[in-house]
Amino acid sequence: MKPLDRYLQRWRIAVVRPHLAPTDRILDIGAFDGALARQVTGFRQYVGIDPDADPRLATDRIQLVRGHFPDDLPPGEPFDAITMLAVLEHIPDDKLTDFATACANALRPNGKLLITVPHPFVDRILDAMIALRLLDGMETEAHHGFDVSQTPDIFRQAGFELITHRRFQLGLNNFFAFRKS
């Protein structure tokens, strides 16, 4: 990842950090290298899942799983919080309902689901910045123009209550916090 990729990643993590508690067992979907666990050190346990995760980076409180959610998630107790930072736009539309249900199934009652998702316009900006070699723009080819406005309905149907929605990064990114009903 280039420095600008890391900067944007740190910004997304900073938006999510206030919603995580030291007692939380966290599932980070799309964890890549576990950056969230390194930047948010106050948690009970962290499980990161990503097709490119390196399980050798694990510690006593950090587990990295190479694979896809939910198929490759190891069994265990429910999570207190699930994070998905710049992940939802990679999920095909026809899989979103099942994906949201899988999130609900992985959370304890009243668990938190914390999501960042960019506006589709960001893809044009990313393409330009990648062409200028300012960003690596991880897996931007998998973006499919996800309609951010669908997010509350997708997760409401899976049993989530929207707690907050706000824009950040000059209005180009969205943060959603849900609670499992």
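Rules of the game
- Residues numbered from 1 in each chain as written.
- Predicted model: local features only at pLDDT ≥ 70, side-chain atom pairs only at ≥ 80, totals over all residues.
- Heavy atoms only, no water.
- Phe/Tyr/Trp six-rings, centres within 6.5 Å; stacked < 30°, edge-to-face > 60°.
- Lys NZ or Arg CZ within 6 Å of the ring centre and 35° of its normal.
- Core = buried A, V, L, I, M, F, W, Y, C linked by side-chain atoms within 4.5 Å.
- Buried < 20%, exposed > 50% of the residue type's maximum accessible area, 1.4 Å probe, protein only.
- Helix = DSSP H or I, 4+ residues; strand = E, 2+ residues; numbered from the N terminus.
- Contact = heavy atoms within 4.5 Å.
- Pairing = 2+ DSSP bridges.
- Patch = residues over 30% accessible without salt bridge, like charges linked within 9 Å, V, L, I, M, F, W, Y side chains within 5 Å.
- Areas by Shrake-Rupley, 256 points an atom, 1.4 Å probe, with all protein chains shown as cover.
- Salt bridge = Lys/Arg side-chain N within 4 Å of Asp/Glu carboxyl O.
- Lys, Arg positive; Asp, Glu negative; His and termini not counted.
- Charge placed at Lys NZ, Arg CZ, Asp CG, Glu CD.

Caption draft 1: Region of interest: the packing of aromatic side chains. Summed over all chains, the structure comprises seven aromatic pairs. Aromatic pair Phe176 and Phe178: ring centres 6.1 Å apart, planes at 15 degrees, arrangement stacked. By the ring-pair criterion, three or more aromatic residues cluster together here, those being Phe155, Phe160, Phe176 and Phe178. For Arg25, the ring lying beneath its charged end belongs to Phe79, and the centroid distance is 4.1 Å. Across the ring face of Phe43, the terminal group of Arg61 is positioned such that the distance to the ring centre comes to 4.3 Å.

Caption draft 2: Structural detail: the nonpolar core. Counting 31 residues, the largest nonpolar core has Ile29, Met84, Cys103, Leu113 and Phe155 as the members making the most contacts within it. Sorting the residues of this core by element identifies strand E1 (25-29), strand E2 (45-50), strand E4 (79-85), helix H3 (96-106), strand E5 (107-118), helix H5 (151-156) and strand E7 (173-180) as the ones contributing at least two each. It is H3 that provides the largest number of residues to this core, a total of seven residues. Excluding residues within four positions of it along the chain, Cys103 makes contact with Ile29, Phe69, Ile82, Met84, Leu113, Phe155 and Phe160. Counting residues in each nonpolar core, the second largest holds 21 residues, with Val40, Ala53, Leu85 and Ala177 among its members.

Caption draft 3: How the structure looks around the pairing of E2. In terms of burial, E2 is a largely internal element, five of the six residues being buried. Bridge count between E1 and E2: five bridges; the pairing is parallel. Its bridge partner being in E2, Asp28 is matched across the sheet by Gly48. Here E2 runs beside strand E3 (residues 62-66); their pairing, made up of five bridges, is parallel.

Caption draft 4: Representation of a negative patch on the surface within the structure. The grouping of Asp93, Asp94, Asp98 and Asp147 at the surface amounts to a negative patch. Counting through the fold element by element, Asp98 comes out in helix H3.

Caption draft 5: Structural context of the pairing of E7. Among the eight residues in E7, seven count as buried, and that is most of the element. Sheet analysis places E5 next to E7, joined by seven bridges and oriented antiparallel. Among the inter-strand pairings, Ile115 is bridged to a residue of E7, identified as Phe176. Here strand E6 (residues 160-168) pairs with E7 via eight bridges, running antiparallel. Paired with His165 across the strands is Phe176, a residue of E7.

Caption draft 6: Representation of the pattern of salt bridges. Taken as a whole and judged by the stated rule, the model has nine salt bridges. The partner of Arg38 in a salt bridge is Asp33, and the shortest N-O contact between them spans 3.4 Å. With relative accessibility at 47%, the residue Arg38 sits in the partly exposed group. Exposure remark for Asp33: the relative accessible area of 15% places this residue in the buried category. One network of salt bridges, in which partners are shared, links Arg44, Glu77, Asp80 and Arg108.

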